[in-house]
Amino acid sequence: MSAAMDTESTYSGYSHYSGHSKKAHRQGRDRHKSPRSKDGSRSEKSVTIQTPPAEPLLGNDASQAEEGQDDNWGETTTAITGTSEHSISQEDIARISKDLEDSVGLDCKRYLGLTVAAVLGLLVFLTPIAFILLPQILWRDDLEPCGTVCEGLFISVAFKLLILLIGTWALFFRQPKADLPRVFVFRALLLVLIFLFVFSYWLFYGVRILDSKDTNYQGIVQYAVSLVDALLFIHYLAIVLLELRQLQPMFTVKVVRSTDGESRYYSLGHLSIQRAALVVLENYYRDFTVYNPALLTASKSRAAKHMAGLKVYNVDGPGNNASGQSRAMIAAAARRRDSSHNELYYEEADHERRVRKRRARLVVAVEEAFTHIKRLQAEEQQKAPGEMMDPREAAQAIFPSMARALQKYLRTTRQQQYHSMESILQHLSFCITNNMTPKAFLERYLNPGPTLQYDRDRWFSKQWTLVSEEAVTSGLQDGVVFVLKCLDFSLVVNVKKIPFIKLSEEFIDPKSHKFVLRLQSETSV
């Protein structure tokens with residue numbers, strides 16, 4: 001009961017947080033609205049709305065002077081990117097409706113492709129069986145008797161169809177990972193090849209067997225066996241084109257995030273641009289640290305502070321206002337350039353000192369909390385089995401002792417929007433269940449991890465836009481550059497071909513390593 005009361009008292013500090021966030025949101029929305037000009041022109045016609053995070057971490061009681069910004073800066077519900085400072089218009093509504101129509105079109109295209117592939121696959125598997133059964137149904141009395149060789153072919157057809165079915169299921173029936181803007185060229189070519197192949201077999205079967213009512217049943221069965229053999233070879237061709245061709249690395253791609261410049265290098269084989277973009281996105285969520293726009297606000301606030309200290313006087317009259325102000329501000333910024341690096345140095349040093357101090361407090365608080373857990377476990381071993389606490393209750397019992405230190409550290413490192421109170425409790429109960437150390441618990445918060453580590457709703461972008469000068473179905477080439485855009489940032493991908501490496505061999509004669517040691521018998525006396 002005492003632990004639960006401590007938890008409730010700690011969480012009560014958050015009741016004022018929601019109201020203040022809504023008020024800040026309304027003020028920010030009114031402040032960022034600007035009236036339209038007389039000619040109705042607008043610089044940018046987009047407004048980005050970001051869903052507020054569920055169950056934010058506890059409110060901070062620290063002063064604004066310590067952080068240099070609003071305490072609730074990470075919890076506003078409107079994220080304005082770039083120069084998007086205008087209210088929504090009819091053009092925006094039309095664009096949103098167009099995006100919805102495009103998404104519906106993508107769904108229809110995906111289901112249409114799956115339907116065509118399923119119908120064609122069903123036709124492929126039923127065709128050999130139909131070749132064998134139709135003569136038995138239409139002119140059974142006129143057929144020649146099927147001997148031992150003919151009956152053995154039945155077993156061959158059955159097992160080959162089973163192998164083809166398993167191979168087709170393993171190669172084609174997979175959960176789709178993404179919706180690509182264009183069709184996969186090799187897969188479409190394979191579907192066309194299979195259709196033409198089966199159609200030609202049916203055409204020959206209808207002209208030479210159905211019309212003439214051929215009585216050689218063994219030859220008909222052999223014809224069906226040849227169809228199954230050809231289908232197996234086509235399946236082998238599909239494995240080579242869809243799976244094996246792209247395994248050998250041929251290109252090196254450099255992926256750069258446009259906002260903070262974080263980059264990674266990957267090796268790719270022969271892929272189209274759209275499939276290379278899919279591979280880049282899969283590796284992005286695994287290798288890149290989570291995108292944190294709060295880390296970019298420091299430079300913007302620093303630049304705004306520098307410009308706020310400048311005073312501009314118009315000495316040439318009202319007619320030369322704009323150009324005069326621009327020249328004066330540029331000149332003043334140039335004069336203050338020598339002192340700006342000192343401010344940046346001391347600002348970063350102060351931030352690092354504050355991070356180290358709060359990191360030390362957090363480590364001590366977590367170690368004390370885990371020590372308390374061990375003491376509770378020792379006490380509970382003496383109790384009855386029905387009175388023992390589960391890991392969730394233990395996490396709720398020790399969480400208030402570390403909540404404030406963890407909250408301050410997350411706010412200092414600007415990570416609070418990625419860690420809700422519920423996610424922290426779940427991670428804490430997970431560490432208690434698996435008997436993990438305090439360092440294992442703190443690893444998630446002390447070191448920013450990959451994007452997949454965090455809650456999906458806080459980082460996942462439902463739609464990416466591929467921008468490329470080349471056709472997205474064309475293969476990768478040396479010097480190709482394409483961009484993957486989402487709501488907040490973009491990934492710039494530069495493709496370089498792996499150079500041709502020429503190795504030469506140099507033979508070393510084993511006798512060249514031998515030497516003779518000659519000792520002189522004469523010695524000095």
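Residues numbered from 1 in each chain as written. Predicted model: local features only at pLDDT ≥ 70, side-chain atom pairs only at ≥ 80, totals over all residues. Heavy atoms only, no water.

The name an unreviewed UniProt entry assigns to the protein is VANG1 protein, from the organism Dicaeum eximium. Among the UniProt annotations of the protein, the heading Sequence similarities (unreviewed entry) holds the following wording: "Belongs to the Vang family." We quote the UniProt Subcellular location (unreviewed entry) comment for the protein here in full: "Cell membrane". (UniProt positions renumbered as here; feature names shortened; annotations may be inferred.)

Q: Mind showing me how you'd approach the overall build of the protein here?
A: Counting its regular elements, the protein contains 15 helices and five strands. Buried residues in the protein amount to 31% of all 525 residues. Considering only residue pairs separated by 6 or more positions, the protein has 76% of its internal contacts joining residues 24 or more positions apart. (Helix = DSSP H or I, 4+ residues; strand = E, 2+ residues; numbered from the N terminus. Buried < 20%, exposed > 50% of the residue type's maximum accessible area, 1.4 Å probe, protein only. Contact = heavy atoms within 4.5 Å.)

Q: Could you clarify how one ought to interpret the sheet that holds strand S4 (residues 481–485) in this entry?
A: Paired through backbone hydrogen bonds, the strands of a sheet run either parallel or antiparallel to each other. Strand order in the open sheet made by the five strands is S2-S1-S5-S4-S3, with antiparallel pairing throughout. Here the strands that pair on one side only, and so sit at the sheet edges, are strand S2 (263–268) and strand S3 (465–468). Mean inter-strand twist for the sheet, computed between neighbouring axes without regard to direction, equals 25°. Judged from the four bridges that link them, S3 and S4 form a sheet pairing that is antiparallel. Looking across to S4, one finds that Val 467 is bridged to Val 483. In the packing of helix H8 (residues 273–287) onto the sheet, contacts are made with strand S1 (251–257), S2, S3, S4 and strand S5 (490–497), and the angle to S2 comes to roughly 135°. (Pairing = 2+ DSSP bridges. Axes fitted to C-alpha atoms, helices over the stretch in contact; angles between N-to-C directions.)

Q: Would you explain the packing of aromatic side chains in this entry?
A: Given two aromatic rings, one states the distance between the centres and the angle between the planes to describe the pair. A complete count under the given rule lists 21 aromatic pairs for this structure. Grouped by ring-pair contacts, the aromatic residues Phe 131, Phe 197, Tyr 201, Trp 202, Phe 204, Tyr 205 and Tyr 223 constitute a single cluster. (Phe/Tyr/Trp six-rings, centres within 6.5 Å; stacked < 30°, edge-to-face > 60°.)

Q: It is not clear to me how the UniProt feature "transmembrane region" (unreviewed entry) in the protein should be interpreted in this structure. Could you clarify?
A: Taking the numbering used here, the UniProt-annotated feature "transmembrane region" (unreviewed entry) corresponds to residues 111–133, 153–172, 184–204 and 224–244. The straight-line gap between the two end C-alpha atoms of residues 153–172 is 28 Å; of that span, 100% is helix and 0% is strand.

Q: What's the story with helix H14 (residues 438–446) in this structure? I'm lost.
A: Given 3.6 residues per turn, any residue in an α-helix points the same way as the ones three and four places further on. Among the residues of H14, Pro 438, Phe 441, Leu 442, Tyr 445 and Leu 446 are the ones counted as buried. Seen from one end, H14 has its buried residues packed into an arc of 125°, which puts them on one side. (Arc of directions from axis to C-beta.)

Q: Any chance you could explain the nonpolar core here in plain terms?
A: If you look at soluble globular proteins, the nonpolar side chains tend to sit buried side by side. Core analysis: the biggest nonpolar cluster contains 29 residues, and Phe 131 and Phe 197 have the highest contact counts within it. Ala 365, Phe 370, Ala 403 and Leu 446 belong to the second-largest nonpolar core, a separate cluster that totals 27 residues. (Core = buried A, V, L, I, M, F, W, Y, C linked by side-chain atoms within 4.5 Å.)

Q: Please explain the packing of helix H12 (residues 391–412) against helix H13 (residues 421–433) as it appears in this structure.
A: What describes two packed helices is the angle between their axes and the distance between those same axes. At a closest axis distance of 9 Å, the pairing of H12 and H13 adopts a crossing angle of 125°. Considered as vectors, H12 and H13 are oriented oblique to each other. Where H12 crosses over H13, the two elements pack in a sense that is right-handed. Contact residues: Pro 391, Arg 392, Ala 394, Ala 395, Gln 396, Ile 398, Phe 399, Met 402, Leu 406 and Leu 410 in H12; Met 421, Glu 422, Ile 424, Leu 425, Gln 426, Leu 428, Ser 429, Ile 432 and Thr 433 in H13. In terms of residue class, the contact of H12 with H13 is built from 13 nonpolar, four polar and two charged. (Parallel < 35°, antiparallel > 145°, perpendicular 65-115°, else oblique. Left-handed = near helix turned anticlockwise from the far one by under 90°. Nonpolar A, V, L, I, M, F, W, Y, C, P; charged D, E, K, R; others polar.)

Q: Honestly, the pairing of S4 in this entry has me stumped. Any pointers?
A: Within a regular beta strand, the side chains point alternately toward one face of the sheet and then the other, so they alternate between its two faces. The pairing of S4 with S5 spans five bridges and is antiparallel. Among the inter-strand pairings, Val 481 is bridged to a residue of S5, identified as Asn 494. Taking the residues that link successive antiparallel strands as the turn, the S4-S5 hairpin has four residues.

Q: Help me out: how do you make sense of helix H5 (residues 148–172) in this one?
A: For H5, spanning 25 residues, the distance from its first C-alpha to its last is 36 Å, which sits close to the expected 36 Å at 1.5 Å a residue. Listed in full, the buried residues belonging to H5 are Cys 150, Leu 153, Val 157, Leu 161, Leu 164, Gly 167, Thr 168 and Leu 171. (Expected span 1.5 Å × (residues − 1).)

Q: Which parts of the structure should I look at to understand the packing of H12 against H14?
A: Interaxial distance between H12 and H14 falls to 11 Å at its minimum, and their mutual angle equals 30°. Relative to H14, H12 is oriented roughly parallel. Listed contacts from H14 to Met 402, Leu 406, Tyr 409 and Leu 410 of H12 are Phe 441, Tyr 445 and Leu 446. Among the residues making up the contact of H12 with H14, the classes are represented as seven nonpolar, no polar and no charged.

Q: How should I be thinking about the environment of Glu 393 in this particular structure?
A: Relative to the elements of secondary structure, Glu 393 occurs in helix H12. Separated by 32 residues in the primary sequence, Glu 393 and Leu 425 place their C-alpha atoms 9.7 Å from one another.

Q: It is not clear to me how the layout of surface pockets should be interpreted in this structure. Could you clarify?
A: With a probe scaled to a water molecule rolled over the atoms, the places where space remains empty come into view. In this model, the second largest pocket occupies a volume close to 1700 Å³. If you trace the second largest pocket, you find 49 residues lining it, with Leu 114, Phe 172, Phe 184, Arg 187 and Arg 275 closest to the centre. Ranked by residue count, the leading element in the lining of the second largest pocket is helix H4 (residues 90–138), at 13 residues. The residue makeup of the lining of the second largest pocket, split by class, is 31 nonpolar, eight polar and 10 charged. Counting contributing residues, the lining of the second largest pocket receives three or more from each of domain 1 (98–246) and domain 2 (251–292 + 460–497). (1 Å grid on protein atoms, 1.4 Å probe; cavity = no way out; pocket = protein on both sides within 12 Å on 5 of 7 lines; lining within 4 Å. Points joined across faces, edges and corners; volume = space filled by probe spheres on them. Domains from an automatic or database assignment.)

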